[in-house]
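Each chain is listed here by its residues.
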Amino acid sequence: RSTILRIGHRHDRDQRVTTHVGLTGRALGADGMYLAADDPGVIGSIEGVARRFGGSFFVENNVPWKRCIREFRESGGTVVHLTMYGLRIQDVIGEIRQQEKVLVIVGAEKVPGEIYGIADYNVAVTNQPHSEIAGLAVFLDQLYEGKELDLEFPDAEIAVLPCKCGKEMVER
Ligand code: SAM
């Protein structure tokens, strides 16, 4: 199991990226996202998609990140911080897969320095700078070894039917 903690979100600059962090996490098997900022608009957009497309993804607004990490760990979870400065994902993902539940921290512009010390694993998806959305996607795919691509989303109001050309949807 995996849950996302999004830190460093800036209200006007990061709304689209944070929304995509949530949607990507949901699509690729995370069970929810804690947002360490106050942005009900972002929460509402993700919840809207989650309601229409099914499944049980949750989003929580305005979460104090230190408490979130402490409580996650107290409940037996492992804390993974995605950063270009971390250990190579290919070297540590096997060990991380053994953990029952993982909190995946992704930053925005710059994360507080303390996070590096608090995390159980600082993990790099390549040691090159790129994006939290891409980093999260590759991390979840490696964690679930591709099985997340077969996930089903129960109780959907809308479902897409795979189609060679064009768009096919069913509405319930
Ligand atoms: N320059 C910032 C810093 O030094 O903290 C990071 C900016 S980056 C646009 C935003 C987030 O993307 C980071 O906090 C990290 O979570 C993620 N990220 C970027 N490149 C990454 C990489 N190579 N591996 C893993 N995560 C990465």
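Note that the coordinates shown come from a computational prediction; the quantities given were computed from them, not determined experimentally.

Calculation notes
Each residue is numbered by its place in its chain's sequence as written, counting from 1. Totals for whole chains, interfaces and linings use every residue, but because this is a predicted model, local features are given only for residues with pLDDT of at least 70 and side-chain atom pairs only at 80 or more, for both listing and counting. A run of DSSP states H or I qualifies as a helix once it reaches four residues; a run of E qualifies as a strand once it reaches two. Both are numbered from the N-terminal end. Angular values range over 0 to 180 degrees, each being the angle between N-to-C directions of two axes fitted as lines to C-alpha atoms, with helices fitted over their stretch in contact. Working rule for angles: under 35 degrees goes down as roughly parallel, over 145 as roughly antiparallel, 65 to 115 as roughly perpendicular, anything else as oblique. We call two residues in contact whenever the C-beta atoms placed from their backbones are within 7 Å. Three classes are used: nonpolar for Ala, Val, Leu, Ile, Met, Phe, Trp, Tyr, Cys and Pro, charged for Asp, Glu, Lys and Arg, and polar for all others, with Gly counted as polar. UniProt positions are given in the numbering used here, feature names are shortened, and annotations may be inferred rather than shown by experiment. Residues with at least 20 other C-beta atoms within 10 Å of their own are called buried, those with 12 or fewer are called exposed, and the rest are partly exposed. The C-beta atoms themselves are positioned from the backbone. Residues are counted as near a molecule or strand when the C-beta atom, derived from backbone positions, lies within 6 Å of that molecule or strand.

### A closer look at unusual backbone geometry
Okay, so step 1: At Asn62, a residue that is not glycine, the phi angle is positive and equals roughly 55°.
Okay, so step 2: When you line up the elements, Asn62 lands in the loop between strand 3 (58-60) and helix 3 (65-74).
Okay, so step 3: For Asp155, which is not a glycine, the phi torsion comes out positive at approximately 60°.
Okay, so step 4: Within the secondary structure layout, Asp155 lies in the loop between helix 6 (132-144) and strand 7 (158-160).

### As for the packing of helix 1 (residues 15-27) against helix 6
Relative placement of two packed helices is described by the angle separating their axes and the distance separating the axes.
Okay, so step 1: For the pair helix 1 and helix 6, interaxial distance at closest approach is 9 Å and the crossing angle is 10°. Viewed along their axes, helix 1 and helix 6 adopt a mutual orientation that is roughly parallel. Across the interface between the two elements, Val17, His20, Val21, Thr24 and Gly25 of helix 1 pack against Glu132, Ile133, Leu136 and Ala137 of helix 6.
Okay, so step 2: The class makeup of the residues in the contact of helix 1 with helix 6 is 5 nonpolar, 3 polar and 1 charged.

### Quick notes on the UniProt feature "binding site: S-adenosyl-L-methionine" (unreviewed entry) in the protein
Okay, so step 1: Sequence positions flagged by UniProt for "binding site: S-adenosyl-L-methionine" (unreviewed entry) are, in local numbering, Leu82, Gly107, Ala108, Glu109, Lys110 and Val111. A compact arrangement is adopted by the annotated residues: their sequence extent is 30 residues, whereas the largest C-alpha distance between any two is 12.9 Å.
Okay, so step 2: Mapped onto the fold, Gly107 is located in the loop between strand 5 (102-106) and helix 5 (114-118).
Okay, so step 3: Apart from residues no more than four positions distant in its own chain, Gly107 is found in contact with Ile7, Gly8 and Glu132.
Okay, so step 4: For Lys110, a count of 7 C-beta atoms within 10 Å gives the class exposed.

### Here we look at the site of the ligand
Okay, so step 1: Taken together, 18 residues lie around the ligand, and Leu82, Met84, Gly107, Glu132 and Gly135 are the ones closest in.
Okay, so step 2: Those elements that provide at least two residues to the shell around the ligand are strand 4 (78-88) and helix 6.
Okay, so step 3: When residues of the shell around the ligand are assigned to their parent elements, the largest contribution, 3 residues, is made by strand 4.
Okay, so step 4: Across the shell around the ligand, the residue classes tally to 8 nonpolar, 7 polar and 3 charged.

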